[in-house]
Amino acid sequence: MVAHTPRSDRPKRWYAQLWVWVFAGMVIGIALGKFDPQLGVKMQPFGDAFIKLIRMLIAPIIFCTVVHGIARMADLARVGRVALKAIVYFEVLTTVALVIGLLAVNLWHPGSGMNVDLAHVDTSGVQQYVAHPEGVSVSQFLMNIIPATFVGAFTDGGVLPALLVSVLCGFALARIGAAGKPVADFVEAASKMLFAVVEIVMWTAPIGAFGAIAFAVGKFGAGSLVSLGKLLGGFYVTCLIFVFGVLWPVARWCGFSIFRLIRYIREELLIVFATTSSETVLPQLMRKLEVLGCDETIVGLVIPTGYSFNLDGTCLYLATTTVFLAQATNTHLTIWQQLGLLAVLLLSSKGAAGVAGAAFVVLAATIAATGTIPVASVALVLGIHRLMSEGLTPTNVVGNAVATIVVSKWERALDRDRLQSELGGAAQTAR
């Protein structure tokens, strides 16, 4: 689908690369938010507009990628095999993330000694989350994958409904054979057009990053960072431990450098850091992984599914923050209660798809499900949630990029020469 185009012998000048402009937008946004917080808050529409621009392209791109990939496959049983391998990998890695989060928060005790009395805490800002904190049950989650209408899969904003419809259409095209070739050709052409649109839209990313980071700094400021700095700093360290302590060995086993991969997708990581929404880079991430040498079918299946089932950073956030709130409110959790919490988090984390702020909603639902920690205590982290999201969303993106390469290797559908070539030149350009 995405043809591999060799790099030019003349790399782009540094000032012509997108990541430089995104970084510049973030620096300007931070400065504006710090020196004129009121004006910084007013910049929020720029970030929201960029997120909406990308979100409108996600479902059509998933459809074209998956349909074209499945339609050209001779072995349809391979689709089920890829999905099974991906789900197994996702469950193992998210479980590891949850365990690391629980271990880390129990070792450094960021909430100990706070002795928070919720009677003296303003919980008005979280009433929308605690009024109906029951969350989504397993059956509801599965039912929500099925769209109300065919068109609804593309208009309701969900990733998994679009993936379901795409898989069904791909299987149908594969079954009818030559009669479906005109449709398959049209889908391939539409896919190329959509990825060209993504390249255009991505050049608005510096403006989106500016608006999003200016809003975050202007609204929450440095006060939140200081008051809960131990939790925030420890959480960022935990994310780094997961990336370089878990994903680095996995990447090494697959024969590539996690450092070069991070450098290769630096534009995407800067964007999700600023916007705190991993959805903003889903189309571009899919494109880059295909350029790296991953089979388009595997990319089309693993990335959209991973955005609901492989949220490593979100798992770290949920485990860390939940135990922190217990410590801050002097709620004692036994080892068995924490193991029960681990089981609840394995389910509740699946509802935190790449939408900005979804992890906070899932946090409230998780605490309500445990029945031991006061739900209103989530007010303690409302002020720094967005700052924590700047750590969890890049972790989610790196985790899904690694997962796609791993599953591609398992399926012997990874072009190793292209992978090494692209990552080897990542220092020059990410294209």
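The coordinates are above.
Attention in this report is confined to the structure presented alongside it. (Residues numbered from 1 in each chain as written. Predicted model: local features only at pLDDT ≥ 70, side-chain atom pairs only at ≥ 80, totals over all residues. Heavy atoms only, no water.)

## With respect to the packing of aromatic side chains
In step 1: The final tally for this structure, using the stated rule, is 8 aromatic pairs.
In step 2: For the ring pair Phe150 and Phe154, a centre distance of 5.9 Å and an interplane angle of 50° mean the geometry is tilted.
In step 3: Taking the centre distance of 6.2 Å and the plane angle of 80° together, the rings of Phe235 and Tyr317 count as edge-to-face. You can see Phe235 sitting in helix H11 (residues 229-254) and its partner Tyr317 sitting in helix H16 (residues 312-328), a full 82 residues away along the chain. (Phe/Tyr/Trp six-rings, centres within 6.5 Å; stacked < 30°, edge-to-face > 60°. Helix = DSSP H or I, 4+ residues; strand = E, 2+ residues; numbered from the N terminus.)

## Notes on the pattern of salt bridges
In step 1: A full pass over the atoms with the stated rule returns 8 salt bridges.
In step 2: Among the salt bridges present, the one from Glu279 reaches Arg55, with a minimum N-O distance of 2.8 Å. One end of the pair, Glu279, is in the loop between helix H13 (266-275) and helix H14 (282-292); the other, Arg55, is in helix H3 (residues 44-71), with 224 residues separating them in the sequence.
In step 3: Exposure remark for Glu279: the relative accessible area of 3% places this residue in the buried category.
In step 4: Salt bridges linked by common partners bring Arg81, Lys85 and Glu411 together as one network. (Salt bridge = Lys/Arg side-chain N within 4 Å of Asp/Glu carboxyl O. Buried < 20%, exposed > 50% of the residue type's maximum accessible area, 1.4 Å probe, protein only.)

## Regarding the side chain of Thr238
In step 1: For Thr238, the position within the fold is in helix H11.
In step 2: Taking the relative accessible area as the measure of exposure, Thr238 reaches 1% and is therefore buried.

## With respect to a nonpolar patch on the surface
In step 1: Taken together, Leu84, Val88, Val92 and Val96 make up a surface patch of nonpolar side chains, about 320 Å² in accessible area.
In step 2: Mapped onto the elements, Val92 comes out in helix H4 (residues 77-108). (Patch = residues over 30% accessible without salt bridge, like charges linked within 9 Å, V, L, I, M, F, W, Y side chains within 5 Å. Areas by Shrake-Rupley, 256 points an atom, 1.4 Å probe, with all protein chains shown as cover.)

## Some points on the packing of helix H15 (residues 296-309) against helix H20 (residues 385-410)
In step 1: As a packed pair, H15 and H20 sit with axes 9 Å apart at the nearest point and diverge in direction by 145°. Along this stretch, H15 crosses H20, giving a crossing that reads as right-handed. Here Ile298, Val299, Val302, Ile303, Gly306 and Tyr307 of H15 lie close against H20, whose contacting residues are Val397, Asn400, Ala403, Thr404, Val407 and Ser408.
In step 2: Considered class by class, the residues forming the contact of H15 with H20 number 8 nonpolar, 4 polar and no charged. (Axes fitted to C-alpha atoms, helices over the stretch in contact; angles between N-to-C directions. Left-handed = near helix turned anticlockwise from the far one by under 90°. Contact = heavy atoms within 4.5 Å. Nonpolar A, V, L, I, M, F, W, Y, C, P; charged D, E, K, R; others polar.)

## Describing the environment of Ala343
In step 1: Mapped onto the elements of the fold, Ala343 is located in helix H17 (residues 335-348).
In step 2: Residues Ala343 and Leu98, spaced 245 residues apart in sequence, show a C-alpha to C-alpha distance of 9.6 Å.

## A look at unusual backbone geometry
In step 1: Even without being a glycine, Thr276 presents a positive backbone phi close to 55°.
In step 2: With respect to the helices and strands, the residue Thr276 is situated in the loop between H13 and H14.
In step 3: Thr276 gets classed as buried once you look at its relative accessible area, which sits at 5%.
In step 4: In this structure, Arg412 takes a positive phi of about 55° despite not being glycine.
In step 5: Relative to the assigned elements, Arg412 resides in the loop between H20 and helix H21 (416-424).
In step 6: Classification of Arg412 as exposed rests on a relative accessible area of 78%.

## Considering helix H1 (residues 18-35)
In step 1: The end-to-end C-alpha distance of H1 is 26 Å, a good match for the 26 Å that 18 residues give at a rise of 1.5 Å each.
In step 2: Listed as buried for H1 are Leu18, Val20, Val22, Gly25, Met26, Gly29, Leu32 and Gly33. (Expected span 1.5 Å × (residues − 1).)

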